[in-house]
Amino acid sequence: MYAEWASLQTAIQTDPGNTSVLNIFPQTVGKDVACAVVKSMSQALSIGVNSNNADNTNRLMSEKDVKWTMEVICYGLSLPLEEHEALRDCVNIYCEWLTALNPQPKSSVPAVLLQEPNDYIQLMFKHLYNVFIPRPKSGIDLVKRQALLCHRVLRHVQLLATESMRNLSRGSWEAMLKFLLAITDTLMAPPKEKDDIGDQIGERVINVLFELWLLSCAHCFPIPSLWKTFRAMSLNWRHHDALVSQWHRINTILTSQLLKDRFGTDYPELQVSDEDGAILPTSMTQDQVIQSWFRFLHIISNPVDLSNIQIISQTPKFLHMALTSEVVIDPAQHNCLRSLPQIFFKAMKSVSILVDAFLGVSQNTVKDDMSFLSSMASSTSMSVRSSMPSINSGGSTPPERRKAKAFSVSGKHKLVHSRSSVSARSDSFSSENLTPYHLTLDSLPVLAAKRPKCNSILHMFGAWLFDGALLGVKVHGEDDMGTSRVRSSSFVDGQDRSQSVITSSSHISANKNSANEAGRAEACGALCRIFCAKKTDESILPVYLARFYIALYHALDVSENQSGPALASVLFNSIDLLRLDLDGVLVLVPRLLDAMEVVLSDTSPKIRYHDQIPLIELRKSAIHLLLSMLCLPLHFKSLTIKDIVKSQDDTTQEPVTVISLRVRITELLLKALLVEVDPMNTQMLLGGLTLLVQDLSVFEEMEKAALSNQDPLADTTTYSVTQPAGLDKDRADSEASVKMTQSESPRSAVSVGSTSSGPDLTTEPETHHQIKARDTAHGLFGQAASVVSNRLMASWKLDLNIALAAIEVILGLSKVKLNPHNSLMCKRTIKWMCDFIVYQCSRPAPSHSKDLHSMIVAAFHCLMSWLVDHHYLLQDKECLHTVLEVVELGISGSKSQNRASDPPKFKAEKDLMPASERVKHAAEAVLDIIIDHVGMFPPPCGPESTCSLLDEDTLLKMPAGYIVPEQQPAKFRYFVLENAIIIGILEKSVNSEDTLPSLTALIRGPFGRHAWSMQLRHLAKSHQNSLTVVNKDPGRPVPDDNIGVHHNITHRHFPEVVDAIPKTKSESSIPSLGQVIDENNLRQEHDKILSFIGAQVDFENKMAAKHKTDREKSPFPNPKVDCKAPSLCDEFQTARLFLSHYGFLTLEALKEPTTASLPPSLVMLNSGNESLSSDLDALDRIPTRSNDTAFVFYVKTKQTAAHSIINNVTSSANVQPQFLAFVQSLGWPIDVHRHAGWTGHMTSSWRTTQEDTPEPYAAGTGGSIYDGRRQVLYWADVSTEIAFVIPSPYMYHLTPQVIPSARPSVDDKLSQIPPPKPPRLADTNAGPPRLADTNAGPPRLADTNAGKSQKPTKSLSLDLPQVPRVETTAPSTPPIDVSSMRKKSSTLPLSPDIKIMIVWLEAWEDHSKFPVDDLLYLTITGQEAATSKLTEKDVHIIFIHSLKSGLYRVHMKGQSGRASLAIPLVDGMVVSERSLGTLVRQTVINICKRRRLESDQYQPPHVKRKHKIQNIVSKYRRKLSEPDFFTALLKPPT
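Residues numbered from 1 in each chain as written. Predicted model: local features only at pLDDT ≥ 70, side-chain atom pairs only at ≥ 80, totals over all residues. Heavy atoms only, no water.

Draft legend 1. View of the overall build of the protein chain. Summing up its helical and strand segments, the protein chain has 49 helices and 19 strands in all. Burial statistics for the protein chain: of 1534 residues in total, 54% are counted as buried. Looking at the protein chain alone, contacts between residues at least 24 apart form 77% of all its contacts between residues at least 6 apart. Per element, the accessible surface of the protein chain, about 68700 Å² overall, is 54% carbon and sulfur. (Helix = DSSP H or I, 4+ residues; strand = E, 2+ residues; numbered from the N terminus. Buried < 20%, exposed > 50% of the residue type's maximum accessible area, 1.4 Å probe, protein only. Contact = heavy atoms within 4.5 Å. Areas by Shrake-Rupley, 256 points an atom, 1.4 Å probe, with all protein chains shown as cover.)

Draft legend 2. Region of the structure containing the environment of I616. Tracing the sequence through the fold places I616 in helix 23 (residues 615-628). Leaving out residues up to four positions away in the same chain, I616 has contacts with D678 and N681.

Draft legend 3. Fine view of helix 16 (residues 340-359). The end-to-end C-alpha distance of helix 16 is 28 Å, a good match for the 28 Å that 20 residues give at a rise of 1.5 Å each. For helix 16, a buried count of 20 out of 20 residues is recorded, marking the element as mostly surrounded by other parts of the structure. With its phi angle positive at about 80°, G360 sits one or two positions after the end of helix 16. (Expected span 1.5 Å × (residues − 1).)

Draft legend 4. Molecular detail of the packing of aromatic side chains. For the structure shown, the criterion picks out 32 aromatic pairs. Measuring from ring centre to ring centre gives 3.9 Å for F531 and F548, while their planes differ by 10°; the resulting arrangement is stacked. Of this pair, F531 sits in helix 19 (residues 517-531) while F548 sits in helix 20 (residues 542-555), and the two are 17 residues apart along the sequence. Neither F531 nor F548 differs from the other in exposure class; each is buried. With a centroid separation of 6.4 Å and 85° between ring planes, the pair formed by F1525 and F1526 is classed as edge-to-face. Through a chain of ring-to-ring contacts, the aromatic side chains of F210, W213, F221, W227, F230, W237 and F296 assemble into a single cluster. One cation-aromatic arrangement involves R295 over W227; the distance from NZ or CZ to the ring centre is 5.9 Å. If you follow R591 out to its NZ or CZ, it ends over the ring of Y553, 3.9 Å from the centre. (Phe/Tyr/Trp six-rings, centres within 6.5 Å; stacked < 30°, edge-to-face > 60°. Lys NZ or Arg CZ within 6 Å of the ring centre and 35° of its normal.)

Draft legend 5. Layout of the sheet that holds strand 7 (residues 972-977). The strand order 10-9-8-7-11 describes an open sheet built from five strands, whose pairing is antiparallel. A single partner strand is all that each edge strand has here, and the edge strands are strand 10 (1008-1015) and strand 11 (1162-1164). Sheet twist, expressed as the average angle between the axes of neighbouring strands with direction ignored, equals 25°. Looking at chain direction, strand 9 (residues 998-1005) and strand 10 are connected through eight bridges and run antiparallel. Bridging across to strand 10, I1003 finds its partner in H1010. Strand contacts of helix 48 (residues 1501-1516): strand 7, strand 8 (981-986), strand 9, strand 10 and strand 11, with the helix running at about 120° to strand 9, the strand carrying the most contacts. (Pairing = 2+ DSSP bridges. Axes fitted to C-alpha atoms, helices over the stretch in contact; angles between N-to-C directions.)

Draft legend 6. Structural view of empty space enclosed by the protein. A full pass over the atoms with the stated rule returns twelve cavities of 30 Å³ or more. As for the largest cavity, its lining consists of 21 residues, of which S945, C947, D1180, A1236 and W1246 are closest to the centre. (1 Å grid on protein atoms, 1.4 Å probe; cavity = no way out; pocket = protein on both sides within 12 Å on 5 of 7 lines; lining within 4 Å. Points joined across faces, edges and corners; volume = space filled by probe spheres on them.)

Draft legend 7. Looking closely at the sheet that holds strand 16 (residues 1395-1401). Judged by pairing direction, the sheet is mixed, and its eight strands sit side by side in the order 13-14-15-12-16-17-18-19 without closing on themselves. Lying at the two open borders of the sheet, with one neighbouring strand each, are strand 13 (1228-1231) and strand 19 (1470-1471). Pairing of strand 17 (residues 1435-1442) with strand 18 (residues 1448-1453), which is carried by six bridges, proceeds in the antiparallel orientation. What sits directly across from I1437, in strand 18, is K1453.

Draft legend 8. Geometry of a nonpolar patch on the surface. Together, I1089, L1090, F1092, I1093 and V1097 make up a nonpolar patch on the protein surface, roughly 480 Å² of accessible area in all. By secondary structure assignment, the location of V1097 is in helix 38 (residues 1083-1113). Classification of V1097 by relative accessible area gives partly exposed; the value is 39%. (Patch = residues over 30% accessible without salt bridge, like charges linked within 9 Å, V, L, I, M, F, W, Y side chains within 5 Å. Salt bridge = Lys/Arg side-chain N within 4 Å of Asp/Glu carboxyl O.)

Draft legend 9. Region of the structure containing the environment of M793. Examined against the element boundaries, M793 turns out to sit in helix 29 (residues 777-796). Distance from M793 to Y839, taken between C-alpha atoms, is 8.7 Å for residues 46 residues apart in sequence. For M793, the contacting residues outside a window of four places in its chain are W832, D835, F836 and Y839.

Draft legend 10. Layout of the side chain of T946. With respect to the helices and strands, the residue T946 is situated in the loop between helix 34 (917-933) and helix 35 (952-956). Within polar-contact distance, the side chain of T946 engages the side chain of T1184 at 2.9 Å. Setting aside residues up to four positions removed in sequence, T946 forms contacts with H933, F937, P939, H1010, T1184, R1185 and V1278. (Polar contact = N/O pair within 3.5 Å; in protein donor to acceptor, adjacent residues only side chain to side chain.)

Draft legend 11. Representation of the packing of helix 2 (residues 27-42) against helix 3 (residues 63-76). At their nearest, the axes of helix 2 and helix 3 sit 9 Å apart, and the two run at 115° to each other. By the angle between their axes, helix 2 is roughly perpendicular relative to helix 3. Regarding helix 2 and helix 3, the two cross each other, and that crossing is left-handed. Facing Q27, G30, K31, V33, A34, V37, V38 and M41 of helix 2, the residues of helix 3 in contact are W68, T69, V72, I73, Y75 and G76. Here the contact of helix 2 with helix 3 is built from residues that sort into nine nonpolar, four polar and one charged. (Parallel < 35°, antiparallel > 145°, perpendicular 65-115°, else oblique. Left-handed = near helix turned anticlockwise from the far one by under 90°. Nonpolar A, V, L, I, M, F, W, Y, C, P; charged D, E, K, R; others polar.)

Draft legend 12. Examining the nonpolar core more closely. One finds W97, F461 and M596 to be the most contacted residues of the largest nonpolar core, which totals 307 residues. One finds A1202, W1246, L1415 and Y1417 within the second-largest nonpolar core, a separate group that totals 30 residues. (Core = buried A, V, L, I, M, F, W, Y, C linked by side-chain atoms within 4.5 Å.)

Draft legend 13. Structural view of the confidence of the model for the protein chain. A residue-level look at the protein chain finds 76% of positions with pLDDT of 70 or above and a mean pLDDT of 78. When mean pLDDT is taken per element in the protein chain, strand 19 scores highest with 96 and strand 4 (residues 501-503) scores lowest with 32. In this model, residues 961-970 is a region of pLDDT below 50 whose contacts with residues beyond four sequence positions or in other chains number eleven contacts. Contacts of residues 1293-1389 to residues separated by more than four positions or lying in other chains number 225 contacts, the stretch itself having pLDDT below 50. (pLDDT = per-residue confidence, 0-100.)

Draft legend 14. Spotlight on the packing of helix 29 against helix 31 (residues 823-841). With their axes 10 Å apart at the nearest point, helix 29 and helix 31 run at an angle of 10° to one another. Comparing their axes, helix 31 and helix 29 come out roughly parallel. The hand of the helix 29/helix 31 crossing is left-handed. Contacts between helix 29 and helix 31 pair F781, G782, A785, S786, S789, N790, L792 and M793 from the former with M825, C826, T829, W832, M833, D835, F836 and Y839 from the latter.

Draft legend 15. Local environment of the pairing of strand 17. In terms of residue burial, strand 17 counts as a mostly covered element, since eight of its eight residues are buried. Alternating positions in strand 17 separate into two faces, V1435, I1437, F1439 and H1441 on one and H1436, I1438, I1440 and S1442 on the other, with burial throughout. Summarising the sheet, strand 16 and strand 17 pair through seven bridges and their orientation is parallel. Paired with W1400 across the bridge in strand 17 is I1440. Here strand 17 hands over to strand 18 after five residues, with G1446 in that stretch at a positive phi of 95°.

Draft legend 16. Here's a closer look at the pattern of salt bridges. Under the criterion given, the structure shown has 48 salt bridges. The closest approach of N and O atoms between R1449 and D576, which form a salt bridge, is 3.1 Å. A residue pair is termed long-range when its members are at least 10 positions apart, and R1449 in strand 18 and D576 in the loop between helix 21 (564-573) and helix 22 (589-600) qualify at 873 residues. Under the relative-accessibility criterion, D576 is labelled buried at 18%. With its nearest N and O atoms 2.7 Å apart, the salt bridge here joins E808 to R1490. With E808 in helix 30 (residues 800-814) and R1490 in helix 47 (residues 1473-1494), this pair connects stretches of sequence that are 682 residues apart.

Draft legend 17. Structural view of unusual backbone geometry. The amide bond that connects F937 to the next residue, P938, takes the cis arrangement and shows omega of 0°. Structurally, the position occupied by P938 is in the loop between helix 34 and helix 35. Cis geometry marks the peptide bond from I1463 to P1464, where omega comes out at 20°. Look at N979: it is not a glycine, yet its phi comes out positive at around 60°. Counting through the fold element by element, N979 comes out in the loop between strand 7 and strand 8. Owing to a relative accessible area of 13%, N979 belongs among the buried residues under this scheme. One non-glycine residue, K1198, adopts positive backbone phi at about 65°. Structurally, the position occupied by K1198 is in the loop between strand 12 (1186-1195) and helix 42 (1202-1207).

Here it is, written out as structure tokens:
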């Protein structure tokens, strides 16, 4: 840099300008003359006692007088310290005369001097040099007096430069700088001795030199020769820590200004204190700042030279000391050089701070670098003293001699954003009693978006950092004997390299250079931060990558020469190393794995790591790296990893492939999980374990599919030929897993209690079968389930966050697809979960809290998933008994049998005392799952609904029961059972041909709506026309008129014997009819009667003949008189029959209970109430499962505007193909108009609507088709349903005016954006629809007839014909009245008060500028509370970035709460494509589940439905007595 310029060092050191003519005379003569003259002159000074004597102020009238006097003063300034008064007077005189250039000079300044002040001031600078010359063998008191005089001179020189800077000529500026260089070299070049003048004022001299040199750069920029001299002389001062401190201070000040000038005021500021900021002249131009910054940066040459005593001690002063000293033979043995490791560390820390400044470290990253620097330096110094003999080295400036701030290296700086600057602290660099400053991963820099490229930073600092990182390392290729290499300063011309030559003797093993390990660690950390700051698509020079990999290779050495601080610094600062697209970074994976095994395998380290990095944070860093390499083996497979330091001739070692590291990675993860005690680290490991199992299972499934496609006859069950198949394989793998875990669990419990002692958990060898079991997903599944379950019971059951994470892992394992099933381990896992619930429920009452119950509820939810996904387990009697026993415990609070020998305790004998209502509700949900869904999920209607899709409207539109809509409520009878189940009975059959007693019942309960069609049958259904056959007339015999021979016989009333009996007189006492007629003259009446009788006889004979004739003509038998069976009944009161036959219709059920607030067991509702239908519809709109929504966004490079982001998905040409594949992996597409489940918005969920005309779906979109207008992506299991919505520009109609929480600025922006053109439409449909659509539904995102008075009609039938649909474009769609919708849905369950965003990034660094607030208005689902106001803190964001390697980097951003770290995805995890969609979906669901557990207002769906049913009962119940109830039951419905 200064190769063509001559150095002025020799001229300055040999300048005779400080000698006087009195030096040629004897010392006594010169002393007498000087003392007499200065004593007389001091009386005329303005500061003197006799300052009122005006006659003495102008004695020096000519130039000759002034020069003679200055010769005397020059000699007086060199007097011994014993002549303190004369020496003091000389200093006072010159200090007065230095004001000659001031606007108002002192009155004692001669007039001649005022005429040409610059020439005289330049001469005075040479004379004042004598004040600073050390006086050997002077006492400490005299040295202190000399120090006071030096301070006075320096103060006045500073005043001269600051107050008279415009009057100083270039010659005066150069003379002043030469003067400062001369005195600094005189004081600082010799070896430091305690209590000498250099020790007293050395720090102040360097301070003044740097400050005035900086001032000169603004007003009279020093010539290159001066800069070269400054640099050359400073190499002799490097054994003083004050030099490095002041170097750091000036560099910090200039860097702060440089960043403002080059990057603008919005760039994160390197803030310095106000006092340090005042040092920088305001008149400096940008070019002056740049030139000054670069020259000051290289003023001490290569900072790494400070680590080498041989270089620092090879100066002329040190060699002279060695030649003249009787004690020191080798210059390198001087005591003052013992502080070089501390100075080296300060220098490397300073470089590291500058690197961070250029990277744009955020304000929370570095809190007080100088305090940390001092703390770390003190620690380094202590470690040096502990490893070396106790030598009394030269001390530093005593505190009483230090000016409060001007003496110390400023270093009061922070890297903060200019918008929110934080005032700097006032602790000085050399402050004492500092507490150790501990780094955390949260303190790692948040880099600025406009930061320079890595190559630019490496051009400036790379040479120093690489040399520092390789300190003490013999690089491959160096000779063992005497070979040396010259290290140049960073970015300096090759001809102007550092004068320091490092021989190979300095490059010895690290254990001999342990004193410099702190500085080496700082260099390694800075390098890691630079390379980890690589932007997307940024390229780094291969030469830098090669040197970086070599430096890390040696820093990660775990052999006997390992460096604990360097290893810790690399791991701590390189957590993103494998998350970037660094070329060839895989060569470091084996080395990183070695270091991670040392850190993670044991919580009691055997080596000393970095003092400022806690072990927990170091382990967290290692875990981050581990999570970055979990997917590497299965992704790169057999790719060979070359050893970067392996000799070309060494061919004995087998090449390492990426797939060969899989077992080591798996073992390390399991070991770390067994010994980890930090909750956060444990959760991260659990997330990694889930990823490992999931990725391996999907990989094996894909491999099997590939093999079967290649060979259809191949047996895919023999994928792993080394392991048994079927149940034997299950049992073998499971037993191996259990044995391993049981052998390690006791030791893991010990490690939880104490991390500093206990047996080594990693020394016990594993069996070959245990290691081999990890090769397959089947075996890894068993080991993962065993380890997590055992650790959960042994160590994690008391920590909420870890327990929830462990339960999430176990729940995730339930969804891992294995063929064949690991049935034995699945059974044991359910048993462990049940034991966990039993343990938590049985804890004493003081231990019961919200957190405890949250763990129990989460465990019950985990049981749900396991029982549904592995329904075959309930066929095992023992497993079923265990589960039901736990369900009983959750509902009632106790078991019926605590031991098998105890007699069972029946329900009526138990007191209902559950652990909490939440636990009871969770247990009830598990019981419903067992009864209703195990073995039958998904149901026939698909996973979109767990209930029947039929309702009253659909049933009444069936052919047999159709009536007009106005009469719908009157046809159903509604009853309520046990205040929990509403039964709607339609006394009609859905089949018009049915003649049997039939009814259709809609059963609404807490767990859903179910439709049943029932018939009363007396005969088997298999008999055709069975009732007709039973009641058919068998027929009569054919009539026969042949009655045989007719005999005319006169019948007698009495036998003939009666005639022979003689009559008596009494027989004649009754007269005959004739006698009566004659005696009474009744003959005429008698004849009339006889005529009547005759006429009647004739009539009867006639009628008998006619009847005989008619009978002969009539058929037989006579239908009028024939006896027939009664006809069958075809009108039934099936509601009464149903209630009676099922035992509901009893007198006891109708009686009012003793509790007045409860209704009877059987209640009749007022079916004729018109509002009952709307309340039943509201009940149906309460889902039976929890529902969540995630919103997916695509961000192109450097996009920050909301409208640009949502425009990306309008075309597939705007997005990466990987994004479309990822979106499809989240769920399956559904049509919101035909979907009966959750669609992402309340207005279209849990109902189906009809569109007027069909329209093809849009094709060629980038995902906008899933914006919720026509389609969304949907996924559901038995307990959760989730919709993935991709907002598009067609949702602009959802304006912020109807959303109270939206920001006005968003509306202003969006109002200026024209609506985009609709995408191209395809001719194909999305497949046959499932559900029928009737009339258009309520206004929603894609409806055009919202303004018309068209009444919406629901249709949930599966039997009606399909009706075409229609979709309209966005401009004609009216907005949604969200406020009115909220009022209507105020009784519906609220979703978690958070929003989930999934953001796909083309450029990773764009995640820091994602406009969350501007996009919140697109995330409205209709379930928000009316009073809630969404902010960015309520949003959880999953950022995904596609790496060039084909893997995906994940970043989690969200609210930090007590239970917010949901897994399996963890911040920084690197995931494969095959597992990405599944893990993202699981993470979203787990985040929402945790938020529901945290919420005090959340109620499970079945509880909400139960409360709604009770509300309906209280509102529509008919309070009837028993007679009135039966009377109403017998009457037809009205």
